[in-house]
Amino acid sequence: MSEEQLFGIRLYPVTPRADVASEAREIGSVHDGEFLVMEDSDGTTSVCDPATGDRFPLNRDRRATEGFLEAFAEYLSSGPPAPAPVVMTAEQAAERLRAFREGRTRPRSLPSGKRPSHRARLRELRRRLQTIDSAATGPDSWWSGRIEEAENDLL
């Protein structure tokens, strides 16, 4: 994975697994150690809260976790660039809020271009995730929140 840490996840370089079949091992971190990415003896990956020991399933193996990160990175890079921050005075913000409440605001028109629509990007993301590891797209997976954010165009 690149230096950019998608969702705050950083996977450590791949190292050979020791012959300890019963233990999970740390293979990465989320938000600089706030959570840990763990690999169980069967190869499955999960996110672990070190404070509580709670674990949230990620994928069937490290390769699938890497694939999910790549799929999300491609989904994000194929969309429109994030809008620049807008600085307003209190009066401008009040007027904008008034216009919103009165239904006078319109969504900004997106620049025409050859970028795929959100629907097309989301369809491709779902297809890739299903292909990589369909079990990891369920409601009990750590990924479910990120998938929901993508569905609602919040990423």
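Nothing here was measured: the structure is a model prediction, and the numbers come from that model.

**Some details on the confidence of the model for the protein**
At step 1: Chain-level pLDDT for the protein is 86 on average; 88% of the residues reach the 70-or-more range.
At step 2: Taking the mean pLDDT of every element in the protein, the minimum, 89, falls on helix α2 (residues 90–101) and the maximum, 95, on strand β3 (residues 35–39).

**Focus on the sheet that holds strand β4 (residues 45–48)**
At step 1: Overall, antiparallel pairing links the five strands, which are arranged β1-β2-β3-β4-β5 in an open sheet. Bordering the open sheet on either side are β1 (9–11) and β5 (55–57), each of which pairs with just one other strand. Going from strand to strand, the sheet's axes swing by 30 degrees on average, the running direction of each strand aside.
At step 2: Of the strand pairs in this sheet, β3 and β4 are connected by four bridges, and their pairing is antiparallel. Paired with Leu36 across the strands is Cys48, a residue of β4.
At step 3: Relative to β1, helix α1 (residues 62–77) is tilted by about 140 degrees, and along the sheet it contacts β1, β2 (25–30), β3 and β4.

**Observations concerning the pairing of β2**
At step 1: The pairing of β1 with β2 spans three bridges and is classified as antiparallel. Opposite Leu11, over in β2, you have Gly28 as the bridge partner.
At step 2: Where β2 meets β3, five bridges bridge the pair, whose relative direction is antiparallel. Residue pairing for β3: Ser29 is matched across the bridge by Leu36.
At step 3: A loop of four residues connects β2 with β3, the two strands running antiparallel in sequence, and His31 in this loop sits at a positive phi of about 50 degrees.

**Some points on the pattern of salt bridges**
At step 1: Within this structure, the stated rule accounts for 11 salt bridges.
At step 2: Linking Glu39 and Arg25 is a salt bridge whose minimum nitrogen-to-oxygen distance equals 2.8 Å. Of this pair, Glu39 sits in strand β3 while Arg25 sits in strand β2, and the two are 14 residues apart along the sequence.
At step 3: A salt bridge links Arg60 to Asp133; the nearest nitrogen and oxygen atoms lie 3.8 Å apart. One end of the pair, Arg60, is in the loop between β5 and α1; the other, Asp133, is in helix α3 (residues 118–133), with 73 residues separating them in the sequence.
At step 4: What makes Arg60 partly exposed here is its relative accessible area of 44%.

Parameters at a glance
- Residues numbered from 1 in each chain as written.
- Predicted model: local features only at pLDDT ≥ 70, side-chain atom pairs only at ≥ 80, totals over all residues.
- Heavy atoms only, no water.
- pLDDT = per-residue confidence, 0-100.
- Helix = DSSP H or I, 4+ residues; strand = E, 2+ residues; numbered from the N terminus.
- Pairing = 2+ DSSP bridges.
- Axes fitted to C-alpha atoms, helices over the stretch in contact; angles between N-to-C directions.
- Contact = heavy atoms within 4.5 Å.
- Salt bridge = Lys/Arg side-chain N within 4 Å of Asp/Glu carboxyl O.
- Buried < 20%, exposed > 50% of the residue type's maximum accessible area, 1.4 Å probe, protein only.

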